[in-house]
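# Observations on the three-dimensional arrangement
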2 protein chains.
Amino acid sequence: MTVDLTNVFQQIDGDYENLKELLREAVAIQSVSGDPSKRDETIRMVHWMKEKLEQIGTTCELADLGTQELEGKTIKLPPVLLGTLGNDKNKKTLLVYGHLDVQPAAKSDGWDTEPFELVEKDGKLFGRGSSDDKGPVLCWLHAIRAAQKNNIELPVNVKFCFEGMEESGSVGLPELLEREKNRFLAGVDFVCISDSYWLGTKKPCLTYGLRGICSFFVEVTGIKQDLHSGVFGGVIHEPLQDLMWVMSQLTTVDNRIKIPGLYEQVAPLSAAEEKTYDDIEFDVAEFRDSVGASHLPTEDKKTLLLRRWREPSLAFHGIEGAFYGPGEKTVIPSKVIGKFSIRIVPDMDPEDVNRRTIEYLNKVWAERGSPNVFKPRPGHSAKPWVVDVNDSNFLAGARAMKRVHGVEPDRIREGCSIPITLTFQELTGKSVLLLPLGAADDMAHSQNEKNNKWNYVEGVKTLLAYIMELGSA
Amino acid sequence: MTVDLTNVFQQIDGDYENLKELLREAVAIQSVSGDPSKRDETIRMVHWMKEKLEQIGTTCELADLGTQELEGKTIKLPPVLLGTLGNDKNKKTLLVYGHLDVQPAAKSDGWDTEPFELVEKDGKLFGRGSSDDKGPVLCWLHAIRAAQKNNIELPVNVKFCFEGMEESGSVGLPELLEREKNRFLAGVDFVCISDSYWLGTKKPCLTYGLRGICSFFVEVTGIKQDLHSGVFGGVIHEPLQDLMWVMSQLTTVDNRIKIPGLYEQVAPLSAAEEKTYDDIEFDVAEFRDSVGASHLPTEDKKTLLLRRWREPSLAFHGIEGAFYGPGEKTVIPSKVIGKFSIRIVPDMDPEDVNRRTIEYLNKVWAERGSPNVFKPRPGHSAKPWVVDVNDSNFLAGARAMKRVHGVEPDRIREGCSIPITLTFQELTGKSVLLLPLGAADDMAHSQNEKNNKWNYVEGVKTLLAYIMELGSA
């Protein structure tokens, strides 16, 4: 039996100002998990969401994760919000995951508006977290509220797991989930995460694969403090000079990785899998224009998607310890740390990638022949994730999207990593669906992050439809 | 006639607590000229010094330099303090230059103490500006005070030119001096600048040469905003990747410059000049240990000094626009600006160096073959400076040092640049003496800048002796 949602969807459309107001409140809370000075705000955000979940009848608890060391200080970790809505033994149980923390943002980074003030312009809702991931989290809330308002009984029990450390490596969460395996996670039948993006801006999709990641720190030092470049220039081995040379040996101009053995680990592409790429709606020119590039390393649709989803890639993030301000400073930095990361795919193993990368860095360093001190080390890592696109959870998601958007969603992978996906899959033994609501150009992690008004409202409908579809899953 | 200064020198020793108190006051004023938020403090520092000069009878004026654009704001430039002490037509006139502004400093940069609080420890006075250049500026004040207290008539008129923008390229000062050529600068017979360092920590020296500088900015962009490395990693040309590669092409591991034609411009070294290096007291092992290096590109005394003083060198300062914080941030920076500078020596010409460097960068970029946008440009530049070590001004300086320290000072060059030296020489047509008071390990521009108590006190005596020696110059 399919419940007709036409009227509810109309009500959701009409309720836009309220949906927006709640997002405005959430964006205004500066829950930047990576910034120790914003830790109180991050904790406040968890409490704010707890209150909202309680208003729809959820029984909530805050799981304490203890403390962490950050920039030399011991600070409290934000608690994880665990909620239970419904406990009907005759119903299956859906577990929803989302995160309440955000990436750093400052107007001076190049935002057109204040990042922590929600601003609507041309049908877009600008603000840090509007799309990643406060918007989608609120879509769950709005969807259930809409059902309750219309006395529609949910066909599943719903559990919530909302954390405040996703943008900082989900510190403490995997251990908590491990401890909760036989309590909070017991009886879960489906998991759904809405924390990724459509491939383009128009057509919905379901995500069946994520890349993993291996992060690296490359430290070079050799002089005991920063030096005046006039007095010491030319008569010492500069750590920054060594670091840039080493980093420049990692990739080709077209961004192919020079570390031996990495591409060889990639799972072979079967003809059947390759064929699935033919039908995916993806406009390379639109993608190129959206990033503002004049050319891309490849402009062939299939090759480009394969490189994003099922090949490793290496990206350079920056250098710690060197002069980074505007203008000139005639200093020779004494200790610099280069930051890069490698996205990994099946069948690559993080430990193997770490080993090969450190080995290659050490080999390159030996070729360099500098007397400076070289300390490469791996940072955090996460395994890639790929699943079956035809299980009942995925099919319910597909039906929901078709109901709202009128089209069959594409099945895609993502280039990024959501490590907790794999944790949920391993601990529950059940299907995890990634159900993205945002558009490809939402600019998560970047300046001018936004959520389209349309995606936000249709997102509420999609999640409601998905919950209802799970009744027949 | 030589005035006996024995008693005055003893008085100066006994006056240490007062000397220290004034330095404490000066260091506490955070006159960081490069930081727009500290501009008021920089201006306050000029006014503070004006009051001190007036207390010893100096007639002062503040020369307005107008405004500058800094980080997108129009802000007031600090005025230049011009002082005149004595106007006896029968005496020659000494012009003293110094600067009242300092480099940026924060405890979090790695200072052991608060940089703007003077801390005495083990005979060292730690604090930003203690050595560069507030300490030496105060030595002039104390020296004249000591003469006045003992009713010793100065044999010369003294003029002061103290600026507040030296650490930020002396914006506006050359133009002011040009305008003052026939007024304030008229009648000047000697110029003395105490804003450099001894070659080691024990033996005094006089400085007869300075390197010039050519600064460069290398901008690479090509995507319109920072991107998520998971979503976009592997399918774009990263500006930071290009930049590090280009920068790595500028030098060899031993810090030799790869830009063609630069070394060829260096003035030939005569046998006579080369011989002067034999007697210079310089301990390579001590120098190596003072910077904390395990090896240096050369450990031959003469070769090392030649590279510091009369060869060009290239130093890398940092990158603007990339991630510079601690920890991880999986971002692909969209616009990065590499900063480096080349120290230049006679007979190199800044415009020629700029042209050759930009040409080389463009050539290297063409080899790179990246579709990103490459914009190298020169920053500020300054010519090198070398003079005769046997004129009357230098000989007066040498006699003064011998009187205080009992040894003949070494004649040295400096690797760094004090562009205003050349301006004074050109506008007055007179000898400019660089008379350093600080030790080689004072760590100007770096963490834990200090002035030795001993150097500070002997500095007062040296400047007094120098002024007195000018009477017979």
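Note that the structure is a prediction, hence the values are computed from the model and not measured. In every chain, residue numbers begin from 1 and rise along the written sequence. Written order determines the labels here, with chains lettered from A and ligands numbered from 1. Local features in this predicted model are restricted to residues of pLDDT 70 or higher, and side-chain atom pairs are both shown and tallied only at a pLDDT of 80 or more, whereas totals for entire chains, interfaces and linings draw on every residue. Side-chain figures throughout are based on the complete set of non-hydrogen atoms in the structure, without hydrogens or water.

## A few points about the pattern of salt bridges
What counts is decided by this rule: Criterion for a salt bridge: a side-chain nitrogen of Lys or Arg within 4 Å of a carboxyl oxygen of Asp or Glu. Elements are defined by DSSP. Helices are runs of H or I of four residues or more, strands are runs of E of two residues or more, and each kind is numbered from the N terminus. Three labels apply to residues, based on accessible area from a 1.4 Å probe with only protein chains included: buried if under 20% of the type maximum, exposed if over 50%, partly exposed otherwise in between.
This model, assessed by the stated rule, comprises 71 salt bridges over all chains. Linking E449 of chain A and R128 of chain A is a salt bridge whose minimum nitrogen-to-oxygen distance equals 2.8 Å. Residue E449 of chain A is found in the loop between strand 19 (431-434) and strand 20 (450-452), and its partner R128 of chain A is found in the loop between strand 7 (124-126) and helix 4 (134-149); the two are separated by 321 residues along the sequence. By relative accessible area, which is 1% here, E449 of chain A ends up buried. Classification of R128 of chain A by relative accessible area gives buried; the value is 2%. For R288 of chain B, the salt bridge goes to D289 of chain B, with nearest N and O atoms at 3.7 Å. Taking relative accessible area as the criterion, D289 of chain B reaches 47% and is therefore assigned partly exposed. Salt bridges sharing common partners tie together E274, K275, D278 and K302 of chain A.

## Some details on the relation of the copies chain A and chain B
Filter applied, for reference: When the copies are superposed, the least-squares fit draws on C-alpha atoms of residues that have pLDDT of at least 70 in both. In what follows, a contact means two residues having at least one pair of non-hydrogen atoms within 4.5 Å.
The operation relating chain A to chain B is a screw motion whose rotation component is 180°, with 0.0 Å of axial translation and a residual RMSD of 0.1 Å. On the angle and the small slide along the axis, the relation comes out as a two-fold axis. Among all residues of chain A, the minimum C-alpha distance to the rotation axis is found for M244 of chain A, at 2.6 Å. Both copies share a contact surface, since 100% of the interface residues of chain A are interface residues in chain B too.

## Here's the deal with the pairing of strand 5 (residues 92-99) of chain B
Residues and elements named next belong to chain B. Formally: Strand pairing is assigned whenever DSSP identifies at least 2 bridges connecting the two strands.
The element strand 5 is largely enclosed, with a buried count of 7 among its 8 residues. Bridge count for strand 5 against strand 8 (residues 156-163) is 8 bridges, and the pairing is parallel. What sits directly across from G98, in strand 8, is F162. As defined by bridge partners, strand 5 adjoins strand 9 (residues 190-193) across 4 bridges and the pair is classed as parallel. When the sheet's bridge partners are listed, Y97 is paired in strand 9 with I193.

## A short note on the interface of chain A and chain B
Going by this rule: The term buried area refers to how much accessible surface (probe radius 1.4 Å) is lost by two components on association, counted for both of them together. Here a polar contact is recorded for every N or O atom pair within 3.5 Å, except that within protein the pair must consist of a potential hydrogen donor and a potential acceptor, and residues adjacent in sequence are included only if both atoms are side-chain atoms. In the scheme used here, Gly and all other residues not listed as nonpolar or charged are polar, with Ala, Val, Leu, Ile, Met, Phe, Trp, Tyr, Cys and Pro taken as nonpolar and Asp, Glu, Lys and Arg as charged.
On the side of chain B, 85 residues touch chain A, which itself brings 85 residues to the contact. The junction of chain A with chain B conceals about 7400 Å² of combined surface from both sides, 55% of it contributed by carbon and sulfur atoms. Of all residues in chain A, V235, V253 and H317 of chain A bury the most surface against chain B, accounting for 9% of the area lost on that side. The interface formed by chain A and chain B contains 0 salt bridges. Where chain A touches chain B, the interface holds 51 residue pairs in polar contact (both at pLDDT 80 or more). In terms of residue class, the side of chain A that touches chain B is built from 34 nonpolar, 34 polar and 17 charged.

## So, empty space enclosed by the protein
Threshold: Detection works on a 1 Å grid of protein atoms alone, calling trapped sets that fit a 1.4 Å probe cavities and calling open sets with protein on both sides within 12 Å along at least five of seven lines pockets, with lining residues defined by an atom within 4 Å of a point. Grid points are joined across faces, edges and corners, and a volume is the space filled by probe spheres set on the points.
For the structure shown, the criterion picks out 7 cavities of 30 Å³ or more. Considered as a void within the structure, the largest cavity measures approximately 50 Å³ in volume. Lining of the largest cavity is provided by E328, K329 and T330 of chain A together with S215, F216, F217, H317, K339, F340 and S341 of chain B. For the lining of the largest cavity, the secondary structure elements donating two or more residues are strand 11 (212-221) and strand 15 (336-344) of chain B.

## Describing the UniProt feature "active site" (unreviewed entry) in chain A
All names here are of chain A. Our working rule: UniProt positions are given in the numbering used here, feature names are shortened, and annotations may be inferred rather than shown by experiment.
UniProt's entry tags D101 and E166 with the feature "active site" (unreviewed entry), counted in the numbering of this structure. Their sequence span is 66 residues, while the largest C-alpha to C-alpha distance among them is just 6.6 Å; these annotated residues converge on one region. As for its position among the elements, D101 is in the loop between strand 5 (92-99) and strand 6 (119-121). For D101, a relative accessible area of 0% corresponds to the buried category.

## A look at the packing of helix 3 (residues 39-55) of chain A against helix 4 of chain A
All names here are of chain A. As a reminder, the rule being used: Angular values range over 0 to 180 degrees, each being the angle between N-to-C directions of two axes fitted as lines to C-alpha atoms, with helices fitted over their stretch in contact. Any angle that is under 35 degrees is reported as roughly parallel, and any over 145 degrees as roughly antiparallel; angles of 65 to 115 degrees are reported as roughly perpendicular and all others as oblique. For a crossing to be left-handed, the near helix must be turned anticlockwise from the far one by less than a right angle; the clockwise case is right-handed.
Two elements in contact, helix 3 and helix 4, have axes separated by 10 Å at closest approach and are oriented at 15°. It follows that helix 3 is roughly parallel to helix 4 by the angle criterion. Relative to helix 4, helix 3 is oriented so that their crossing is left-handed. Side by side, helix 3 and helix 4 meet where M45, W48, M49, K52, L53 and Q55 of the first sit next to K134, V137, L138, L141 and R145 of the second. Of the residues contributing to the contact of helix 3 with helix 4, the split by class is 7 nonpolar, 1 polar and 3 charged.

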